[in-house]
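# Residue-level structural notes
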Amino acid sequence: MNNFTYSYPVKVCFGDGVAKDSLKAELQKYGKNILFAYGGGAIKRVGIYDEIIAVLNECGKVVTEFSGIMSNPTYTKVQEGARLAKDNKVDFILAVGGGSVIDCCKIVSAQAKLDQDIWDFEYQQHGLPTEYIPMGAVVSAFGTGAEMNNGAVITNEVLKQKSPLWGAFYDFAVLDVGYTMTMPQKQVISGSFDTLSHCMETYFGSPRETNLSDEINEAVMRNVIKNMRATLKNPDEKFVRSELIWAAAMGENGILKLGKVTDFQCHMLEHQLGAYTDCNHGFGLAVIHPVLYRHIYKSAVSQFAKFAVNVWGVKPDGKTEDEVAIEGINALADFIKEMGLPTTFSEMGITDTDWKSIADSTIITGGCCKKLTKEELLNILIECK
Ligand code: NZQ
Ligand code: ZN
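Reading the values: rules and limits
- Going along each chain's sequence as written, the residues are numbered from 1 onward.
- Following the order in which they are written, the chains are lettered starting with A and the ligands numbered starting with 1.
- Restriction of local features to residues with pLDDT of at least 70 applies here, the model being predicted, together with a cutoff of 80 or more for giving and counting side-chain atom pairs; totals for whole chains, interfaces and linings are based on all residues.
- Hydrogens and water are ignored here; the side-chain numbers use all heavy atoms of the structure.
- Here the coordinating atoms are restricted to nitrogen, oxygen and sulfur within 2.8 Å of the metal centre, or 3.2 Å for Na, K and Ca, and because water is not among them the sites may look incomplete.
- Buried means the residue's accessible area, taken with a 1.4 Å probe over protein chains only, is under 20% of the maximum for its type, while exposed means over 50%, and partly exposed covers the values in between.
- The cutoff for a nearby residue is simple: one of its non-hydrogen atoms must lie within 4 Å of the molecule or strand.
- Any N or O atom pair separated by 3.5 Å or less is treated as a polar contact, with the protein-specific requirement of one donor-capable and one acceptor-capable atom, and with residues adjacent in sequence counted only for side-chain atom pairs.
- Areas reported here follow the Shrake-Rupley algorithm with a probe of radius 1.4 Å; residue values treat only the protein chains shown as occluding.
- Numbering of helices and strands starts at the N terminus; helices are DSSP runs of H or I of at least 4 residues and strands are runs of E of at least 2.
- In this context, the arc is that of the directions from the helix axis out to the C-beta atoms.
- Two residues qualify as a contact provided that any one of their heavy atoms is within 4.5 Å of a heavy atom in the partner residue.
- When DSSP finds two or more bridges between a pair of strands, those strands are recorded as paired.
- Fitted lines through C-alpha atoms serve as axes, helices being fitted only where they are in contact, and the angles separating the N-to-C directions of these axes extend from 0 to 180 degrees.
- Domain start and stop points were drawn from an automatic or database domain assignment.
- Defined in terms of a 1.4 Å probe, buried area is the accessible area two parts forfeit on being brought together, summed over both.
- Salt bridges are defined as contacts in which a side-chain nitrogen from Lys or Arg sits within 4 Å of a carboxyl oxygen from Asp or Glu.

Donor atoms from the polypeptide that bind the zinc ion (ligand 2) are D194 (OD), H198 (NE2), H267 (NE2) and H281 (NE2), placed at 1.9 to 2.2 Å. According to the relative accessible area criterion, H281 is buried, its value standing at 16%.

Surveying the vicinity of ligand 1 reveals 31 residues, the closest of which are S71, S100, S140, N149 and H198. One of the side-chain N or O atoms of H271 is found 2.9 Å from an oxygen atom in ligand 1. Computed on the free molecule, ligand 1 has an accessible area of 970 Å², of which 87% lies beneath the protein chains in the complex. Of all the secondary-structure elements, those providing two or more residues to the shell around ligand 1 are α5 (99-111), β6 (151-156), α7 (185-203) and α10 (265-277). Ranked by residues supplied to the shell around ligand 1, first place goes to α5 with 4 residues.

The next point concerns helix α3 (residues 48-58). Buried residues of α3: I48, Y49, I52, I53, V55 and L56, and no others. Across the axial projection of α3, the buried residues extend over an arc of 160°, all falling on one side. Away from the buried face of α3 by more than 90 degrees, exposed residues D50 and E58 are located. Packing partners of the buried residues in α3 comprise α1 (19-27), β2 (33-37), α2 (42-45), β3 (62-66), β4 (92-97) and β5 (135-139). Where α3 terminates, the next one or two residues include G60, which has phi positive at roughly 70°.

We now examine the pairing of β2. Extensive coverage of β2 is indicated by the burial of 4 of its 5 residues. Where β2 and β3 come together, 5 bridges link them in parallel fashion. Within β3, the residue paired with L35 across the bridge is T64.

If you trace the 6 strands from one edge of the open sheet to the other, you get β1-β8-β5-β4-β2-β3, paired in parallel fashion. Of all the strands in the sheet, the pair left with one neighbour each is β1 (11-15) and β3. Direction aside, neighbouring strands of the sheet carry axes that sit 15° apart on average. Across the sheet, α1 touches β1, β4, β5 and β8 (172-176), and the angle it forms with β8 is around 170°. Packing of helix α4 (residues 75-87) onto the sheet brings it into contact with β2 and β3, and relative to β3 it is tilted by some 165°.

On domain assignment, one finds that the chain holds domain 1 (11-180) and domain 2 (185-384). Spacing between the C-alpha centres of domain 1 and domain 2 amounts to 27 Å. Taken together, the 23 residues of domain 1 in the interface contact 24 residues of domain 2. With both chains or domains summed, domain 1 and domain 2 bury close to 2100 Å², and 61% of this area falls on carbon and sulfur atoms. For the domain 1 face of the interface with domain 2, the top three residues by lost area are F142, K160 and K162, together amounting to 31%. Linking domain 1 with domain 2 are 1 salt bridge, by the criterion used here. Salt-bridge contacts for D16 lead to K238; the nearest nitrogen and oxygen are separated by 2.9 Å. Elements with a contribution of two residues or more to the side of domain 1 that touches domain 2: β1, β6 and β7 (161-166).

Looking now at the pattern of salt bridges. Within this structure, the stated rule accounts for 13 salt bridges. For K29, the salt bridge identified is with E26, shortest N-O distance 2.7 Å. Note on E26: relative accessible area 5%, which makes it buried. What emerges from the salt-bridge pattern is a single network uniting K11, E26 and K29.

Dropping the structure here:
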């Protein structure tokens, strides 16, 4: 393992029906002026909005609403939120939604305390924000684990770049199983595949010798696969849902990443696909993963073989390491089909876009077992069509 320092700032309130009481207990620690942030209206349709407004009123808060945060949140939306937070002298941000709302607010919280443009500050001056408006997250759509970390993925429409920005950690995250039961099945599966992707992107980072982080990771991956199968059969089963929600949090709370440099090359490519097509994140990952892995597995063949045996139950006897590794990637591809996830970009409705610009603008990661060239990324994209 590489050396590490571990400390974790997010208080997690987990369970079925925990939202109301957890919010009452947590919100009293903060000032009166609350920015209540949410997405396109799903939480209003399913009753979450009413329940949270009632808690905020009961706690005597003054509420400013920041609504309409879209999937793949834009930098313009971040600036709108930061202006609202400043103009209304907001003491605390309450983000209620999926990864998009939760990410957007991380940067709103930092931008509202920063006098300069945060994109320039982070990308041109290589600065990291140090002041934030404190925040709490209520996860109404799970999968990204965004509530557990301080990275946000924001689409800069002018630069055509969907990239990470660093913001604040949430002071607390409420993972109320009941709140997620109204999620469309498509989002449950896409979000859970995102969780599996985070685990794989961590597992295939370096170093790739067997260590405790990887062994815990294998258990989380097996659990996600098992529970994705179960949720497909029984979408209303709360125990299965609770397992998937906690697995998503485990993927991004830092535990699996201890002592490792993560890979995340698949994510970087998918994010740029998102910048050009505004596609669903989990769907994009499902298409790219098997194609990318067939391109790179020879650079980490032992780790891919271990993944095949320990995660997918491939029998290694009488086979070469190469054959075992490929069987694991095939098992992943079969699973993607079994889950009804897309296997090509055209199944996602993406038939034509600027493939070369996507490849050229993709960040190349240091943790990937093979340092890919722009040409290789373009070939992978073409193969995914
Ligand atoms: O927009 P509304 O109307 O609110 O509907 C939402 C949205 O359509 C809906 N929804 C939320 N709660 C619901 C519900 N529908 C019914 N019942 C409920 N209780 O679900 C959808 C959620 O959309 P979104 O937040 O976009 O999905 P997801 O959670 O998959 O987040 C995707 C974003 O997270 C980023 C992705 O790049 C993408 O921008 N990621 C963030 C990460 C991080 N910070 O760690 C890691 C990931 O790798 C990912 O990149
Ligand atoms: Zn992801």
